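# Summary of structural features
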Amino acid sequence: MAAASYLIATLAFLGLAATILLRWRDRTSALWVAGASLASALWAGYLTVLAHTHGGQALLSAGVLELARNGAWFVVLLTLLASNAGTRHALPAAFRRWVAVVAAFLLLLLVPVAWPGLEAWQAVAMLALAIGGLVLVEQTYRNTPPQRRWEIKPLCLGLGGLFAFDLFLFADLALFGTLNSPSWQARGLANALVVPLLALSMARALPRQEGPTVSRHLLFHTATLVGAGLYLLAVASAGYYLRHFGGELGAALQVVFLFGAGLLLALVLFSGSFRARLKVLLTKHFFSYKYDYRQEWLRFTGTLSTEDVDMPFRQRAVLAIAEMVDSPGGLLWARGDDGAYTLDGVLNLGAPDHPPEEPEGELVAFLVRSGWVIDLDEYRNETGRYQGVALPGWLVDNPRHWLVIPLLKDDELVGFVVLSQPRAPRGIDWEDRDLLKTAGRQLAVYVALVQANEALLEARQFETFHRLAAFLVHDLKNVSAQLSLVCSNAERHKDNPEFVADAFRTIANARDRLDRTQAQLRKAQPRADAPLHPLSLRALLDEVVTHSQDLRPAPELRIKADSEVLGDHEGLLNVLLHLVRNAQEATPDEGWVRLTLYKDGPWAIIEVADNGCGMAEDFMQRRLFRPFQTTKGNAGMGIGVYEAREHIVRMGGRLEVASKPEQGTTFTVKLPARASGAAAVQAS
């Protein structure tokens, strides 16, 4: 019974080793498993012979083979542990420690196992081997990534069962000094039952796909050079024949022949069709995949992202996807604002005038529904393969049209690309379709981004126009207020020469402001920086107070220290007048408005303070310095403070505000004092 049991184990392990070497030798750790299987077959075969001749006690005489068999499976487990924890070139520290521990363990067991007079110690040593094997199985499974455990689970179960059976068998021998006869007889069959689990694990292991180490470009150019060399050798041989056997015309015929052969070689080498055919030939016979995906994606992204003044984005978009399948050109259709798809870019297909494709059309609906790449040659021969969709005539009737590639962004069709026939005849398979669909999704993002940028640029142009209109209305409002003041006082002071002179100055000032506004409109841009001149702030504030006497409360002027700044007189005057008028409008007649001038280091400070209604903190933080935000309702434009801050900033200054509801507001204008210089301002 024991001999038959171990014989079955021998045949099972030999069968496993043969299967691995013949069918699964490309699997990970296949050679190690095959070696361990051969060691197990040798061990089982030796025990078969001993069991047939000496009976059960022959077990202890196979101690060295027991050690070799267990050591071989230890190596398999250590190899799996190393593949999970380290790199191919350097063993990790954890693996090196395991190797050292297992090697020392086996060396220590070698003496009692191999020594014929130490039977009791042999049982203990074999028991230790079983325990060590169980520990190593557990560590291997634990340290394997979860995504790979499905692959090694049968192997770990099989080896775990093998070592667990040995643990049971040798524990009985070590404790009681006797060998359990049924367990000894069944051990061979138990080992044979492990073999299917090991085979299942090897079947699950993924093959090691060693791709070609040579690049596609190197192979292409090498094949081209080899072909050119063979061609030149043939030409040289033919020329030699003509020279020596052509008689009197041999030399002339040789020259003409060599010239024609060289011209033909240049024509072939520079032919796009020849290069395309050679690429297809090399790809079919040397590579498992058609494309070098890394190279294709780098080229695709580089073509789309490179700025080229000679080739606009629409043409580059067609070129990027056409080069993947050796197509010389195509058409780009993009969705417009009205939802229709119009021809947006053409590359090497003339100047077609195709009608727009409506979003309700069959072509658009089919592309959105299926996301397929349409092979028009296939469609012309077998329409039913595309769910019976009726494609437009301009697309099908032109034999140069080859493929239709949808540009999908999520489930939204941004557009589609129609490619022209390739340089060399070729069909498309699943790999071409997957690549083109993925490239189409990437291209859809680029097309949508370009459309968004163009819409943003258009919106900015409208924003510039609206800002011009807002500033124009604000300036006209100020001019109207000046002229209204003159008209309201003309009846009472028309005989006063000073009033008449002041009225003419006001009208001249209004004319100048209108001229500047008109000039800004001609330039079609926001108000330009006016030239800066030295200004005395004391004189400027006196002018502000004089122009603000028509409203109540009249402003009070406090001069603590005069300062001179570089600025635009008219612009700064308008800023201060606006701040004072806002303070007067927010303050009751019995209140006060004060203008204070002083210096603080490199800054000239102007404070416009009042004790009026004030402003809420939220309004100051979120809305005060934004255009078209006002607390005056329909009476204000909401751009005065915004324009004031813009003007102060252009002069190198700052505008700050402090306010509390029902307590008043203080605007602080900080301007670089002319005497302190620009360096002091920058240092602050």
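Along the protein, the regular secondary structure elements total 22 helices and 12 strands. Considering only contacts in the protein between residues 6 or more positions apart, those separated by 24 or more positions represent 68%. Accessible surface, the protein as shown: approximately 36,900 Å² in total, 60% of it carbon and sulfur.

An order of β7-β9-β10-β12-β11 is seen for the five strands of this open sheet, with the pairing classed as mixed. Strand pairing shows two members of the sheet lacking a second neighbour, β7 (556-559) and β11 (654-660), which therefore form its edges. For this sheet, the mean inter-axis angle between neighbouring strands, taken without regard to orientation, is 15°. Pairing between strand β10 (residues 603-610) and strand β12 (residues 664-672): eight bridges, direction antiparallel. The residue bridging aspartate 610 from the neighbouring strand is threonine 665, located in β12. The strands touched by helix α19 (residues 569-585) are β9 (593-600), β10, β11 and β12; relative to β10, the strand with the most contacts, the crossing angle is about 25°.

Summing up the model confidence of the protein, the mean pLDDT is 77 and the portion of residues at 70 or higher is 71%. Taken together, the stretch residues 56-60 has pLDDT below 50 and engages in 14 contacts with residues farther than four places along the chain or on a different chain. Ignoring residues within four places in sequence, the model shows residues 676-684, a span with pLDDT below 50, making nine contacts including any to other chains.

Turning our attention to the sheet that holds strand β4 (residues 401-409). Ordered in space as β2-β1-β5-β4-β3, the five strands form an open sheet in which the pairing is antiparallel. Two strands bound the open sheet, and with one partner strand each, they are β2 (341-347) and β3 (374-375). Docked against the sheet, helix α12 (residues 313-322) engages β1 (330-335), β2, β4 and β5 (412-420), running at close to 75° with respect to β2.

Attention shifts here to the environment of asparagine 70. Among the structural elements, asparagine 70 can be located in helix α3 (residues 63-85). Overall, asparagine 70 belongs to the buried group, its relative accessible area being 3%. Setting aside residues no more than four positions away along its own chain, asparagine 70 makes contact with Leu129, Phe163 and Asp166.

On to the side chain of aspartate 375. Relative to the helices and strands, aspartate 375 is located in strand β3. Buried aspartate 375, no salt bridge; nearest opposite-charge side chain is arginine 433, N-O distance 4.7 Å. Apart from residues lying up to four places away in sequence, aspartate 375 is in contact with Tyr386, Trp402, Leu403, Ile428 and Arg433.

With that settled, consider the packing of helix α11 (residues 293-305) against α12. It is the contact of α11 with α12, at a shortest axis distance of 8 Å, that shows an interaxial angle of 170°. Between α11 and α12, the angle is such that the two are roughly antiparallel. Along the contact surface, α11 presents Arg299, Phe300, Thr303, Leu304 and Ser305, while α12 presents Phe313, Arg316, Ala317, Leu319, Ala320 and Ile321. Class assignment for the residues of the contact of α11 with α12 results in seven nonpolar, two polar and two charged.

Of the positions making up helix α13 (residues 362-370), those classed as buried are Leu363, Val364, Phe366 and Leu367. Mapping the buried residues of α13 onto a view down its axis gives an arc of 165°, with all of them on the same face. Looking one or two residues past α13, glycine 371 carries a phi angle of roughly 70°, positive in sign.

Attention shifts here to the packing of helix α18 (residues 537-547) against α19. Put simply, α18 and α19 touch, their axes get as near as 10 Å, and they point 50° apart. Of the possible angle classes, the one that applies to α18 and α19 is oblique. Taken as a pair, α18 and α19 cross one another with a handedness that is right-handed. Residues Leu537, Leu540, Leu541, Glu543, Val544 and His547 of α18 touch α19, and the partners they reach there are His569, Leu572, Leu573, Leu576, Leu577, Val580 and Arg581. Its residues placed into classes, the contact of α18 with α19 shows nine nonpolar, two polar and two charged.

Relative to β12, β11 runs antiparallel, the two sharing seven bridges. Paired with lysine 660 across the two strands is glycine 664, which belongs to β12. Once β11 ends, the chain turns through three residues before running back antiparallel as β12, passing glutamate 662 with a positive phi of about 65°.

Let's shift gears to a nonpolar patch on the surface. Side chains of Leu7, Leu11, Leu14 and Leu38 sit close together on the surface and give an oily, nonpolar patch of about 360 Å² of accessible area. Here the element with the most residues in the nonpolar patch is helix α1 (residues 2-23); it accounts for three residues. A residue is classified by how much of its surface remains accessible, and leucine 11, at 55% relative accessible area, is exposed.

Summed over all chains, the structure comprises 14 salt bridges. The partner of glutamate 138 in a salt bridge is arginine 142, and the shortest N-O contact between them spans 2.4 Å. With glutamate 138 and arginine 142 both in helix α5 (residues 119-142) and four residues apart, the pair spans about one turn of that helix. The class of arginine 142 is exposed, set by a relative accessible area of 54%.

Let's shift gears to α1. Taking 1.5 Å as the rise per residue, α1 with 22 residues should run 32 Å; its terminal C-alpha atoms sit 31 Å apart, in good agreement. Residues of α1 that are buried include every one of Ala2, Ala3, Ser5, Tyr6, Ala9, Thr10, Ala12, Phe13, Leu16, Ala17 and Ile20, and no others.

Under the definition given, this model contains 11 aromatic pairs. Taking the centre distance of 6.4 Å and the plane angle of 40° together, the rings of tyrosine 341 and phenylalanine 416 count as tilted. In this pair, tyrosine 341 sits in strand β2 while phenylalanine 416 sits in strand β5, placing the two residues 75 residues apart along the sequence. The exposure class of tyrosine 341 is buried, given its relative accessible area of 4%.

A word on unusual backbone geometry. Residues other than glycine seldom take positive phi values, yet asparagine 348 does so here, at roughly 60°. Relative to the elements of secondary structure, asparagine 348 occurs in the loop between β2 and α13. Not every positive phi belongs to a glycine, and glutamate 662 is a case in point at roughly 65°. Overall, glutamate 662 belongs to the exposed group, its relative accessible area being 66%.

A grouping of Asp337, Asp338, Glu358 and Glu360 is seen on the molecular surface, where their side chains present a negatively charged patch. Residue position: aspartate 337 is located in the loop between β1 and β2.

Considering the arrangement of structural elements, one finds glutamate 617 in helix α20 (residues 617-622). On the accessibility criterion, glutamate 617 (47% relative accessible area) is partly exposed.

Parameters at a glance
Residues numbered from 1 in each chain as written. Predicted model: local features only at pLDDT ≥ 70, side-chain atom pairs only at ≥ 80, totals over all residues. Heavy atoms only, no water. Helix = DSSP H or I, 4+ residues; strand = E, 2+ residues; numbered from the N terminus. Contact = heavy atoms within 4.5 Å. Areas by Shrake-Rupley, 256 points an atom, 1.4 Å probe, with all protein chains shown as cover. Pairing = 2+ DSSP bridges. Axes fitted to C-alpha atoms, helices over the stretch in contact; angles between N-to-C directions. pLDDT = per-residue confidence, 0-100. Buried < 20%, exposed > 50% of the residue type's maximum accessible area, 1.4 Å probe, protein only. Lys, Arg positive; Asp, Glu negative; His and termini not counted. Salt bridge = Lys/Arg side-chain N within 4 Å of Asp/Glu carboxyl O. Parallel < 35°, antiparallel > 145°, perpendicular 65-115°, else oblique. Nonpolar A, V, L, I, M, F, W, Y, C, P; charged D, E, K, R; others polar. Arc of directions from axis to C-beta. Left-handed = near helix turned anticlockwise from the far one by under 90°. Patch = residues over 30% accessible without salt bridge, like charges linked within 9 Å, V, L, I, M, F, W, Y side chains within 5 Å. Expected span 1.5 Å × (residues − 1). Phe/Tyr/Trp six-rings, centres within 6.5 Å; stacked < 30°, edge-to-face > 60°. Charge placed at Lys NZ, Arg CZ, Asp CG, Glu CD.

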